[in-house]
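# Overview (structure and organization)
Listed below are the residues making up each chain.
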Amino acid sequence: MKRNHYRTATVILAVLWIVSAGTLFYFLYFGVARTGSDGRQIVSVTEGEKQFLLQEMRQLLSAMQQIHMHMGNGDRESAARAAESVGMNMVDELAAVEGTILLKLPAPMKKLGLGTHSEFDNLARTIRSDASEQRIQKEIGELMTRCVACHAAYRLP
Ligand code: HEC
């Protein structure tokens, strides 16, 4: 009789373990998100984190503007520096200040975001090389498919 109790307890504990591990894994992978009325995923971040992310976004837009302007002026080194300013260095800063944001983002979104920053580093390298302006324009166009893809799939609360 007593052994049966132990067995039942073991089974219950095992089930509880699987459920909690599963839930943890679900949130780690998908982040904390729900679907909004426009069909996009709303990523649940706090108001402060939202302001932080939007400020990062405005930096991306500003870097894009700088890159185009400097390229137009034939100043490739300044264009490369503008691209670098939003490269992987920016992610390191973000991780240091707001590491919890990165935990909350769904894995595919995080991948898209990190990929964008490393593409800016690649772009800086291309601008500094002897690549033609057409090739640089093409690379910028490809990089920006990431901006478009993420905005189409995700939004903030
Ligand atoms: C990994 C996802 C992701 C990528 C990549 C991304 N964004 Fe965003 N961006 C967002 C989200 C989410 C918002 C908030 C949109 C909303 O809530 O409707 C946003 C908002 C913005 C805003 C509005 C900022 C404000 O103050 O309201 C700008 C500008 C912007 N993004 C520019 C860019 C540019 C330029 C790129 C590419 C170089 C880019 N973003 C790439 C996720 C992304």
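These remarks concern the structure in this document. (Residues numbered from 1 in each chain as written. Predicted model: local features only at pLDDT ≥ 70, side-chain atom pairs only at ≥ 80, totals over all residues. Heavy atoms only, no water.)

A few words on the overall build of the chain. For the chain, the helix and strand inventory stands at six helices and three strands. Written out in order from the N terminus, the α and β elements of the chain read α-β-β-α-α-α-α-α-β. Taken over C-alpha atoms, the radius of gyration comes to 22 Å for the chain, far larger than the 15 Å a tight globule of 157 residues would show. A principal-axis box enclosing the C-alpha atoms of the chain has dimensions of 85 × 35 × 25 Å. The buried share of the chain, taken over its 157 residues, is 29%. Of all intrachain contacts in the chain linking residues separated by at least 6 positions in sequence, the fraction that spans at least 24 positions is 75%. Total accessible area on the chain is roughly 10,100 Å²; 62% of this is exposed by carbon and sulfur atoms. (Helix = DSSP H or I, 4+ residues; strand = E, 2+ residues; numbered from the N terminus. Rg over C-alpha atoms; globule rule 2.2 N^0.38 Å. Buried < 20%, exposed > 50% of the residue type's maximum accessible area, 1.4 Å probe, protein only. Contact = heavy atoms within 4.5 Å. Areas by Shrake-Rupley, 256 points an atom, 1.4 Å probe, with all protein chains shown as cover.)

Further remarks concern the sheet that holds strand β3 (residues 154–155). Strand order in the open sheet formed by three strands is β1-β2-β3, with mixed pairing between adjacent strands. Edge positions in the open sheet fall to β1 (33–35) and β3, since each of these has one partner strand only. Taken together, the three bridges between β1 and strand β2 (residues 41–43) define a ladder with antiparallel strand orientation. Note that in β2 the partner of Thr35 across the bridge is Gln41. (Pairing = 2+ DSSP bridges.)

Protein-derived coordination of the iron atom of the ligand comes from Met57 (SD) and His151 (NE2), at a distance range of 2.0 to 2.2 Å. Classification of the site at the iron atom of the ligand rests on its six donor atoms, whose angles at the metal span 86 to 179°, yielding the label octahedral. In this pair, Met57 sits in helix α2 (residues 47–72) while His151 sits in helix α6 (residues 133–153), placing the two residues 94 residues apart along the sequence. (Donors = N, O, S within 2.8 Å, 3.2 Å for Na, K, Ca; no water. Tetrahedral: all angles 85-135°; square planar, octahedral: opposite > 155°, others 65-115°.)

Turning our attention to the nonpolar core. One recurring pattern in soluble globular proteins is that nonpolar side chains are buried together. Among the nonpolar cores identified, the biggest contains 19 residues, and Ile67, Phe120, Leu123, Ile127 and Ile136 are the most heavily contacted of them. Of all the elements in the fold, those that place two or more residues in this core are α2, α3 (76–84), α5 (107–128) and α6. Take this core: its biggest share by element is five residues, from α2. Ignoring sequence-local partners within four residues, the contact set of Ile136 consists of Met71, Arg76, Leu123, Thr126, Ile127 and Ala131. Residues Ile101, Leu105, Met109 and Cys150 belong to the second largest nonpolar core, which totals nine residues. (Core = buried A, V, L, I, M, F, W, Y, C linked by side-chain atoms within 4.5 Å.)

Glancing now at the site of the ligand. Around the ligand sit 17 residues, and of these Met57, Arg58, Cys147, Cys150 and His151 come closest. Arg40 is positioned such that a nitrogen or oxygen atom in its side chain is 3.4 Å from an oxygen atom of the ligand. At a separation of 2.7 Å, a nitrogen atom of the ligand approaches a polar side-chain atom of His151. Mapped by element, the contributors of at least two residues to the shell around the ligand are α2, α5, α6 and β3. Per-element accounting of the shell around the ligand gives the leading share, five residues, to α2. (Near = heavy atom within 4 Å. Polar contact = N/O pair within 3.5 Å; in protein donor to acceptor, adjacent residues only side chain to side chain.)

Another point: α5. Each α-helix winds once per 3.6 residues, and so residues spaced three or four apart point in a common direction. Here α5 spans 32 Å end to end across 22 residues, near enough to the 32 Å set by a 1.5 Å rise per residue. Those residues of α5 that sit buried are Met109, Gly115, Thr116, His117, Phe120, Leu123, Ala124, Thr126 and Ile127. (Expected span 1.5 Å × (residues − 1).)

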